[in-house]
Amino acid sequence: MPGAAALALLVASGTACSNQAIDQWSRGGMPEGVTKQADIVQTLWNGSWIAALATGVVVWGLILWACIFHRKKKNSPDQLPPQVRYNLPIEILYTVVPVIMVAVFFYFTARDETEITRITKAAPVKVAVEGYQWSWRFTTEYQGQKAVVAGVPVDLSKQSAENPQGPQLVLPVNTQVQFDLHSPDVIHSFWVPAFLFKQDVFPGNVRNQFQITTLDKTGVFVGRCAELCGTDHSKMLFSVKLVPQAEFDQYIKSQAGSAQ
C-alpha cells in the first residue's frame, strides 16, 4: 500500500509538472498575464513565433532539398548545378516575400501597440508612480481617497518568491487602472512581468502614462526596475497585489484614514 501511494503521488506530480510545462510552452515562455493588455501581448508573441517557425520550416526544407538534389555528381565532379543568380522571377521573390513578412509584422505590432497604450478617461483607479534611486512611491487615488506607499532599497538576502520585499501596490481585480509615471532623478523602468509590459520612467517634465484592465486573478506579482539606474538598481524591487473589490475598498479606507 505505501508503495502504491508513492507511485500514485509520483504519477500525479509528473502529470502536474507536465501540465505546467505544456502551459508554459503554450505561452512561449512568457509568464501568465493578469491584465487584458497582457492577453493582447501574448497573442502577438504567439503569432510571431508561429510565423517564425513556419519560415524556419520552409528554409530548412529548402536547405535539405539543395543538399539532397544538388550534390556533386560522381561521374562529373567538376560540373556545377544550374545557376539562378540572374533569374529575375526568383530574385523578385527573394525581395517581395521578406517585404511582405515585415509589413505584416509591422501592421499587427502597430495595431496592438495602439490598443495597449490607449488612454481613456474612464479609469476609476489612478496610480502615480514615482521611481527614485533606489525604490518606488505609489500614490493610489480612488473615489477621492488616496493611499501612499513608499519603499527603500530592498535587502536582497530577504527577497524570495513567497515573500517579496519592497513597497506593495494594491489594486482591485476586474478594474481599469491608470498609471502616471515620473522620476525625480534618472531614468527608471516600471516593469511587472505579469503585465507583459513595461514603461520607462523619465525625469523632468516628461510623464509616461498607460492603462491596464486587471483580470479576475488575485495574487501577488513581483515587479522591478528594468533600466540600469545606478549602484542599487538591483534593489529597486516592489510587488503588485491584486485583491477583490471589497478588500480593495477596505484597504483604501484604512490607508486614507491612517494618512489623516
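My aim in this report is to walk through the structure given alongside it, one point at a time. (Residues numbered from 1 in each chain as written. Predicted model: local features only at pLDDT ≥ 70, side-chain atom pairs only at ≥ 80, totals over all residues. Heavy atoms only, no water.)

## Observations concerning the pairing of strand S9 (residues 219–225)
Note: strand S6 (residues 188–192) against S9, two bridges, orientation antiparallel. Looking at the pairing, Trp 191 lines up with Arg 224 of S9. Pairing analysis gives six bridges linking S9 to strand S10 (residues 237–243), with the strands arranged antiparallel. Bridge pairing in S10 links Val 222 to Ser 239. (Pairing = 2+ DSSP bridges. Helix = DSSP H or I, 4+ residues; strand = E, 2+ residues; numbered from the N terminus.)

## Comments concerning the packing of helix H2 (residues 36–69) against helix H3 (residues 88–116)
Angle between the axes and distance between the axes: these two values describe a pair of packed helices. For the pair H2 and H3, interaxial distance at closest approach is 10 Å and the crossing angle is 170°. Considered as vectors, H2 and H3 are oriented roughly antiparallel to each other. For the pair H2 and H3, contact is made by Gln 37, Ile 40, Val 41, Leu 44, Ser 48, Ala 51 and Thr 55 and by Met 101, Phe 105, Phe 108, Thr 109, Asp 112, Glu 115 and Ile 116, respectively. Tallied by class, the residues present in the contact of H2 with H3 amount to eight nonpolar, four polar and two charged. (Axes fitted to C-alpha atoms, helices over the stretch in contact; angles between N-to-C directions. Parallel < 35°, antiparallel > 145°, perpendicular 65-115°, else oblique. Contact = heavy atoms within 4.5 Å. Nonpolar A, V, L, I, M, F, W, Y, C, P; charged D, E, K, R; others polar.)

## What to know about unusual backbone geometry
For the bond from Gln 133 to Trp 134, the omega torsion is 5°, close enough to zero to count as cis. Residue position: Trp 134 is located in the loop between strand S1 (125–132) and strand S2 (135–142). In this model, Asn 174 sits at a positive phi of 55°, which is unusual for a non-glycine residue. Mapped onto the fold, Asn 174 is located in the loop between strand S4 (168–172) and strand S5 (176–182). Positive phi is not limited to glycine here, since Leu 196 has a value of about 55°. Within the secondary structure layout, Leu 196 lies in the loop between S6 and strand S7 (197–201). Accessibility expressed as a relative area gives 10% for Leu 196, which makes it buried. (Buried < 20%, exposed > 50% of the residue type's maximum accessible area, 1.4 Å probe, protein only.)

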